[in-house]
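Below are the chains, spelled out letter by letter.
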Amino acid sequence: GGEITFANVTFAYEPNRPILRDVSFTVPTGTTTAVVGPSGAGKSTLARLLFRFYDVQQGQILIDGQDIRQVTQHSLRSAIGIVPQDTVLFNDDIGYNISYGKPGATEAEITAAAQAANIHPFIQSLPEGYRTQVGERGLKLSGGEKQRVAIARTLLKNPPILLFDEATSALDSHSEQAIQQELRRLAEQHTALVIAHRLSTIVHAEQILVMRDGQIVERGTHTHLLTKN
Ligand code: ADP
Ligand code: ADP
């Protein structure tokens, strides 16, 4: 499951200043759609609407054919996993940081998710900045390692839809390549909407949407867009 449909969506944060105008597209189940376009085009707004930080003023957003205004907040949030580029870790061990978001997860489930994200050696470590009464100081994780914690957290919840916002990436280029491979593998098993920044995700997306001034001005596969322009 997890098919996403935007049907003639129009949205304004402020009256009389439409940000999205008549936006329509479908992300078929199990495929990846990347959204590209200049800053301010409205890409991140698509993600915020899908997660219902705001509601559309016209049109509809559907998941598996159901209007997202008709599902509970809880089931919407369990259907969508946000894979953030920058992760804030809580003052507790990495295992707890992974299990946050799925209360009641078993030890075995947490370990499996940590292994899949390749962060399991750190599962009992405390993040940097953590201080216990005995003065323990915690471990400094790299940007890539922090992101693997975030990936493990998402894997544990195993939502049908993944939302990647690459716009705010803070990764060094070394972590970047390894993470890109993991993200791609993750996306292959889910329905994925990527606010794209990196060429690699664009190349691997089944569909690319080009946005400008709140509208989709072009759409197609990577090859299709390359040969057209
Ligand atoms: P992108 O992700 O393509 O850079 P955004 O979706 O973040 O674009 O923003 C699209 C437009 O909406 C921009 O003009 C931005 O200034 C405006 N915008 C974003 N968030 C808000 C907000 N909370 N209130 C008013 N305008 C906003
Ligand atoms: P931009 O794409 O312009 O950098 P962000 O994606 O950082 O903007 O987020 C802009 C707004 O979207 C935030 O002020 C917040 O209201 C909302 N938002 C984005 N991600 C989250 C999140 N994970 N939790 C809560 N609010 C969020």
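Remember, it's a predicted structure, so these values are computed and weren't measured experimentally.

Colleague: So what exactly am I meant to see when it comes to the pattern of salt bridges here?
Modeller: Inspection of every chain in the model, using the stated rule, returns four salt bridges. Across the salt bridge formed by D67 and R69, the nearest N and O atoms sit 3.1 Å from each other. R69 sits in the partly exposed class, given a relative accessible area of 36%. A salt bridge links K102 to E109, with the shortest nitrogen-to-oxygen separation between them at 3.5 Å. Given the relative accessible area of 29%, K102 is considered partly exposed. Judged by relative accessible area, which is 33%, E109 ranks as partly exposed.

Colleague: Explanation requested: the pairing of strand 1 (residues 4-12) in the structure shown.
Modeller: For a regular strand, side chains alternate in direction, first toward one face of the sheet and then toward the other. Among the nine residues that make up strand 1, seven are buried, leaving the element largely enclosed by the rest of the structure. Relative to strand 2 (residues 18-27), strand 1 runs antiparallel, the two sharing six bridges. Pairing of I4 across the sheet is with V27, part of strand 2. Hairpin connection of strand 1 to strand 2: five residues between the antiparallel strands, including N16 at a positive phi of 65°. Sheet topology places strand 1 next to strand 4 (residues 58-63); five bridges connect them, and they run antiparallel. If you follow I4 over to strand 4, its bridge partner there is I63.

Colleague: Would you explain the nonpolar core in this entry?
Modeller: Buried together is how nonpolar side chains tend to be arranged in soluble globular proteins. The biggest cluster of nonpolar side chains holds 31 residues, and the ones touching the most others in it are I98, I119, V149 and F164. Only strand 3 (32-36), helix 3 (94-99), helix 4 (107-116), helix 5 (143-157), strand 7 (161-165), helix 6 (173-188), strand 8 (191-195) and strand 9 (207-212) provide two or more residues apiece to this core. With four residues, the top contributor of residues to this core is helix 5. Setting aside residues no more than four positions away along its own chain, F164 makes contact with V83, L183, A187, A192, L193, V194 and I195. Counting residues in each nonpolar core, the second largest holds 29 residues, with F6, A79, L209 and M211 among its members.

Colleague: Where do I start with a nonpolar patch on the surface in this structure?
Modeller: A cluster of nonpolar residues, Y13, F53 and Y54, forms a patch on the protein surface that exposes about 300 Å² of accessible area. Considering the arrangement of structural elements, one finds Y54 in the loop between helix 1 (43-50) and strand 4.

Colleague: How should the site of ligand 1 be read in this particular structure?
Modeller: Within the structure, ligand 1 sits among 14 residues, and G40, G42, K43, S44 and T45 are positioned closest to it. Within the backbone of G40, a nitrogen or oxygen atom sits 2.7 Å from an oxygen atom of ligand 1. At 2.8 Å from an oxygen atom of ligand 1 is found a main-chain nitrogen or oxygen belonging to S44. Burial of ligand 1 by the surrounding chains reaches 68%, relative to a free accessible area of 560 Å². When residues in the shell around ligand 1 are grouped by element, the largest group, four residues, is from helix 1. Tallied by class, residues from the shell around ligand 1 come to five nonpolar, five polar and four charged.

Colleague: Help me out: how do you make sense of the packing of helix 4 against helix 5 in this one?
Modeller: When two helices pack together, their arrangement is captured by the angle between the axes and the distance separating the axes. Between helix 4 and helix 5, whose axes approach to 8 Å, the crossing angle comes to 130°. One finds that helix 4 runs oblique with respect to helix 5. Note on packing geometry: the crossing formed by helix 4 with helix 5 is right-handed. Contacts from E109, I110, A113, A114 and A116 in helix 4 reach A152, L155 and L156 in helix 5.

Scoring rules and cut-offs
- Residues numbered from 1 in each chain as written.
- Chains lettered and ligands numbered in written order.
- Predicted model: local features only at pLDDT ≥ 70, side-chain atom pairs only at ≥ 80, totals over all residues.
- Heavy atoms only, no water.
- Salt bridge = Lys/Arg side-chain N within 4 Å of Asp/Glu carboxyl O.
- Buried < 20%, exposed > 50% of the residue type's maximum accessible area, 1.4 Å probe, protein only.
- Helix = DSSP H or I, 4+ residues; strand = E, 2+ residues; numbered from the N terminus.
- Pairing = 2+ DSSP bridges.
- Core = buried A, V, L, I, M, F, W, Y, C linked by side-chain atoms within 4.5 Å.
- Contact = heavy atoms within 4.5 Å.
- Patch = residues over 30% accessible without salt bridge, like charges linked within 9 Å, V, L, I, M, F, W, Y side chains within 5 Å.
- Areas by Shrake-Rupley, 256 points an atom, 1.4 Å probe, with all protein chains shown as cover.
- Near = heavy atom within 4 Å.
- Polar contact = N/O pair within 3.5 Å; in protein donor to acceptor, adjacent residues only side chain to side chain.
- Nonpolar A, V, L, I, M, F, W, Y, C, P; charged D, E, K, R; others polar.
- Axes fitted to C-alpha atoms, helices over the stretch in contact; angles between N-to-C directions.
- Parallel < 35°, antiparallel > 145°, perpendicular 65-115°, else oblique.
- Left-handed = near helix turned anticlockwise from the far one by under 90°.

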